[in-house]
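# Observations on the model geometry
Each chain, letter by letter, is given below.
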Amino acid sequence: MLTIHHLEKSRSHRILWMLELLGLDYQIKFYQRAPGVLLAPPELKQIHPLGKSPVITDGELVVAESGAIIEYLLQRYGEGRFQPAADDLQGWVDYRYWLHYAEGSLMPVLLMKLVFTQIAKRPMPFFVKPVAKGISSKVLETFVQPNLDTHLGFIEQHLKQHQWFAGDQLTAADVQMSFPMLALAGRSDLSAYPAIQAYNQRLQADPAWQKVVTKAGPLQIPA
Ligand SMILES: N[C@@H](CCC(=O)N[C@@H](CS)C(=O)NCC(=O)O)C(=O)O
């Protein structure tokens with residue numbers, strides 16, 4: 001039996017979406033984050049040494065890392081679905097690009113936004129707080145937000161011309177992009193980005209996404 005080790009409020013949501021899109025039989029093992037921090041519980045280290053989610057087990061196989069899980073599921077169960085047609089070269093270039101861009105380029109900036117926003121909210125001695133707040137708001141203002149703005153403009157331009165990331169059909173590139181796209185909504189003001197907002201509505205209206213919401217709840221983004 002295929003099992004997904006699903007951490008609440010995490011990238012694991014995208015794998016649930018992939019499993020639903022493929023119509024696979026699977027079970028969900030739920031994990032909660034430790035109270036007050038964003039860390040996964042130690043039990044996840046019994047599944048994979050890094051103790052992160054998502055991770056799936058399929059019989060004897062353990063597959064970690066969202067992109068690798070998606071590629072595994074498509075290769076084993078996809079039968080060509082949720083990938084561009086074999087002769088659609090531009091589609092394949094876009095597909096690969098966005099599949100890797102999600103974790104390789106966009107998530108690091110979103111993670112920095114989360115970490116530096118959290119610093120100012122954490123309990124600490126009163127005399128340290130102004131220094132910590134000063135440093136984190138400087139990093140946010142001079143590095144993180146300008147970078148995020150560049151990403152937002154870039155994604156907006158792409159989505160003005162394409163319904164889905166790799167063309168007119170929903171592919172696994174959209175599955176991999178779903179988490180950072182909804183994290184963008186949680187961590188940025190999207191009022192100047194109508195194509196991104198429309199895309200986020202489109203993805204959440206997908207029937208397979210709706211099934212995930214029924215089984216595991218809506219995706220909550222740590223902010
Ligand atoms: N690049 C990895 C990232 C995995 C990851 O960092 N997952 C987070 C949840 S979104 C996690 O498990 N965090 C808890 C922790 O680090 O303890 C992937 O895409 O699978």
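Refer to the structure printed above.
Once a new chain begins, its residue numbering starts again from 1 and follows that chain's sequence as written. Whole-chain, interface and lining totals are the exception, using all residues; otherwise, since this is a predicted model, local features are given only for residues with pLDDT of at least 70 and side-chain atom pairs are given and counted only at 80 or more.

## Thoughts on unusual backbone geometry
Selection rule: The helix count covers DSSP runs of H or I at least four residues long, the strand count covers runs of E at least two residues long, and both are numbered beginning at the N terminus. In this scheme the burial state of a residue depends on its C-beta neighbours within 10 Å: 20 or more other such atoms mean buried, 12 or fewer mean exposed, and anything in between means partly exposed; the C-beta positions come from the backbone.
A cis amide bond links serine 53 with the next residue in sequence, proline 54, at an omega value of 10°. Tracing the chain through its elements places proline 54 in the loop between strand E2 (26-31) and strand E3 (55-58). Of note, glutamate 65 is a non-glycine position whose phi angle comes to about 80°, a positive value. Here glutamate 65 lies in the loop between strand E4 (61-64) and helix H2 (66-78). C-beta crowding within 10 Å serves as the criterion here: with 16 such atoms nearby, glutamate 65 is assigned to the partly exposed category. The backbone of glutamate 79 sits at a positive phi, close to 45°, despite the residue not being glycine. With respect to the element layout, glutamate 79 can be found in the loop between H2 and helix H3 (89-121).

## Quick look at the site of the ligand
Worth spelling out the cut-off: As a rule, any residue with its backbone-derived C-beta atom within 6 Å of a molecule or strand is reported as near that molecule or strand. Amino acid classes used here: Ala, Val, Leu, Ile, Met, Phe, Trp, Tyr, Cys and Pro are nonpolar; Asp, Glu, Lys and Arg are charged; the rest, including Gly, are polar.
The environment of the ligand is made up of Leu7, Ser10, Arg11, Leu39, Ala40, Gly51, Lys52, Ser53, Pro54, Glu65, Ser66 and Glu103. In terms of residue class, the shell around the ligand is made up of four nonpolar, four polar and four charged.

## Observations concerning the sheet that holds E3
Worth spelling out the cut-off: At least two bridges found by DSSP between two strands are what make those strands a pair. Here, axes are lines fitted to C-alpha atoms. For helices the fit covers the stretch in contact, and angles between N-to-C directions go from 0 to 180 degrees. What counts as a contact here is a pair of residues whose C-beta atoms, placed from the backbone, lie within 7 Å.
Strands sit in the order E2-E1-E3-E4 across an open sheet of four strands; the sheet is mixed. Two strands bound the open sheet, and with one partner strand each, they are E2 and E4. Looking at each pair of strands side by side, their axes are set apart by 20° on average, direction ignored. With four bridges connecting them, strand E1 (residues 2-7) and E3 associate as antiparallel partners. Bridging from a neighbouring strand, leucine 2 pairs with aspartate 58 of E3. The sheet strands contacting helix H1 (residues 12-22) are E1, E2 and E3, and the helix crosses E1 at an angle near 150°.

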